[in-house]
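# Per-entry structural report
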Amino acid sequence: MEKNRPIGIFDSGVGGLTVAKAIAELLPAESFIYFGDTRHAPYGDKASHTIREYSQRISRFLVAQNCKAIVIACNSASAAAYEQLCADFPNIPIINVIDPAVKYIAQSEASKVGIIATRATVRSKVYAQRISAANQNLTVVQKATPLLAPLIEEGFAGTDVSKGALAHYLNHSSLKKLSDLILGCTHYPLLEEEIAAYLGPKVRVLNSAKLAAQALQGVLASQDLLSTSVDAGKRRFYVSEKTPAFTKIAKMFFGQEIRLEEKFLKS
Ligand code: DGL
């Protein structure tokens, strides 16, 4: 049935599993196909045209798998490839992880918004431009925090290593007196509590994975595409290169054991 087709979710690697997890929690009846481009990860330091090309390749695969919607569960790919994918696949809803956070900020009582993300996302200025376009009165500052994603992948979240790295980045003068901080990278929800504790109660920390899951729910509902299944959705997890390290960290990001299948996509 149309509505019970899977959702396609993709990321540069396993970090997008934080978005897949948020989707599984909010929409348990939905089936999904996750694709992590571990062969080409990380995207965060790559050129925009390269990220676009990889994103197009993965999206073609997901559409060929009969997906009813695509979630770009990667901030770097959302920044570099969203418009291109909308142009390539005009008949399928495409959700990115940036716009839901922008919308939330624009409707909230924010004053100074910080964004921490990969170099590719910061370089694109997509968050900053969209937030300013939505509300000119907001001050927006962004900071690349490239050490955080590898640190999380190596299992150092919640240790002195993450505390030191966060203090180094968040103590920056540009990030003083924030009202909000957007976690602009798929990996950062794993540091959410530490970041919130470091910044204190006056700063709201926004988890873009959860906001993207809510946006997906809204889009599916508005297009009458929500699953009508009464069973839990079926989930498949593909990666373009499977290694023992990815298998281990996949569990950390998704919060439960999952079986990764290797799938090589031809260009
Ligand atoms: N998924 C990426 C993002 O959200 C982080 C990891 C990477 O650099 O590939 O930007």
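Above this text is the structure in question.
A brief look at the structure comes next.

About the criteria used
Residues numbered from 1 in each chain as written. Predicted model: local features only at pLDDT ≥ 70, side-chain atom pairs only at ≥ 80, totals over all residues. Heavy atoms only, no water. Core = buried A, V, L, I, M, F, W, Y, C linked by side-chain atoms within 4.5 Å. Buried < 20%, exposed > 50% of the residue type's maximum accessible area, 1.4 Å probe, protein only. Contact = heavy atoms within 4.5 Å. Helix = DSSP H or I, 4+ residues; strand = E, 2+ residues; numbered from the N terminus. Pairing = 2+ DSSP bridges. Axes fitted to C-alpha atoms, helices over the stretch in contact; angles between N-to-C directions.

## A few points about the nonpolar core
Ranked by size, the top nonpolar core spans 52 residues in total, and within it Leu17 and Ile195 carry the most contacts. With residues near it in sequence (within four places) discarded, Leu17 still touches Tyr34, Phe237, Ala250, Phe253, Phe254 and Ile258. Ranked by size, the runner-up nonpolar core spans 24 residues in total, among them Cys67, Ala81, Tyr82 and Ala120.

## Quick look at the side chain of Glu30
Mapped onto the secondary structure, Glu30 falls in the loop between helix H1 (17-26) and strand S2 (32-36). Of the residues examined, Glu30 reaches a relative accessible area of 3% and is grouped as buried. Ignoring sequence-local partners within four residues, the contact set of Glu30 consists of Lys3, Ile7, Lys68, Leu220, Leu225, Leu226, Ser227, Gly233 and Lys234.

## Quick notes on the sheet that holds strand S8 (residues 204-207)
Sheet architecture is open: four strands sit in the order S6-S5-S7-S8, paired in parallel fashion. One side of each edge strand has no neighbouring strand; the edge strands of this open sheet are strand S6 (139-144) and S8. The average angle at which neighbouring strand axes cross in this sheet is 20 degrees, direction not considered. Two elements, strand S5 (residues 112-117) and strand S7 (residues 180-184), share five bridges in a ladder whose sense is parallel. The residue bridging Ile116 from the neighbouring strand is Leu183, located in S7.

## Re the pairing of S2
Along S2, five of the five residues are buried, which leaves the element largely enclosed by surrounding structure. The alternating pattern of S2 places Phe32, Tyr34 and Gly36 on one face and Ile33 and Phe35 on the opposite face, and all of these are buried. The pairing of strand S1 (residues 7-11) with S2 spans five bridges and is classified as parallel. Bridging from a neighbouring strand, Ile9 pairs with Tyr34 of S2. Pairing of S2 with strand S9 (residues 235-239), which is carried by five bridges, proceeds in the parallel orientation. Each residue of the ladder has a partner; that of Phe32, found in S9, is Arg235.

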